[in-house]
Amino acid sequence: VRGWELSVAEQVARVAASSIVVGMSGSALHNAVFAPMATPIVEILDSREAAFRQRRHAVQDALCELRAQPYRSVDPASVSSTVEIIELVDDAIRAI
């Protein structure tokens, strides 16, 4: 889903209907707050500097805790291909 192509109402509706939410770090993933309670969330960490990533990760972790949403993050810096990122996400989903 390309969230930037959807209205805010459409973004909220999509997330509210989700059984799992997977996304890149940042504001779009913060929409997970509109997902049903206990909806699993997987964050693909930002590839920028560690301090920036840590701040974003902390925000998402706190939001998930407030909503009782199981949360995992994956770090794409640890792999070298898109397929490996997908495998990391799949592993995170299974871990939840």
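Residues numbered from 1 in each chain as written. Predicted model: local features only at pLDDT ≥ 70, side-chain atom pairs only at ≥ 80, totals over all residues. Heavy atoms only, no water.

J.: So what's going on with the nonpolar core? Residues and values would help.
T.: Core analysis: the largest hydrophobic core is formed by eight residues, namely Val15, Val21, Leu29, Ala32, Ala35, Ile41, Cys64 and Tyr71. Each residue touching isoleucine 41, except ones within four places of it in the same chain, is listed here: Val21, Leu29, Ala32, Gln60, Cys64, Gln69, Pro70, Tyr71, Arg72 and Ile96. If you look at the next biggest cluster of nonpolar residues, it comprises five residues, including Ile44, Val74, Val89 and Ala92. (Core = buried A, V, L, I, M, F, W, Y, C linked by side-chain atoms within 4.5 Å. Buried < 20%, exposed > 50% of the residue type's maximum accessible area, 1.4 Å probe, protein only. Contact = heavy atoms within 4.5 Å.)

J.: With reference to specific residues and values, describe the pairing of strand S2 (residues 41-44).
T.: Residues Ile41 and Glu43 point to one face of S2 and Val42 and Ile44 to the other, with burial holding for every one of them. Bridge count between strand S1 (residues 21-24) and S2: four bridges; the pairing is parallel. Looking at the pairing, glycine 23 lines up with glutamate 43 of S2. (Helix = DSSP H or I, 4+ residues; strand = E, 2+ residues; numbered from the N terminus. Pairing = 2+ DSSP bridges.)

J.: So what's going on with unusual backbone geometry? Which residues, and what values?
T.: Of note, the phi angle at alanine 38 is positive, near 70 degrees, even though the residue is not glycine. If you trace the backbone, alanine 38 turns up in the loop between helix H2 (27-30) and S2. For alanine 68, which is not glycine, the phi torsion reads 55 degrees and is therefore positive. Here alanine 68 is to be found in the loop between helix H3 (50-66) and strand S3 (71-74). Residue classification places alanine 68 among the partly exposed positions, given a relative accessible area of 48%.

J.: Could you give an account of the sheet that holds S1, with specific residues and numbers?
T.: Here three strands make up an open sheet; going across it, the order is S1-S2-S3 and the pairing parallel. Looking at strand neighbours, the two that pair on one side only are S1 and S3, the edges of this open sheet. Taking the axes of each pair of neighbouring strands and ignoring which way they run, one obtains an average angle of 20 degrees across the sheet. Against the sheet, helix H4 (residues 82-95) makes contact with S1, S2 and S3, and its axis sits at roughly 160 degrees relative to S3, the strand it touches most. (Axes fitted to C-alpha atoms, helices over the stretch in contact; angles between N-to-C directions.)

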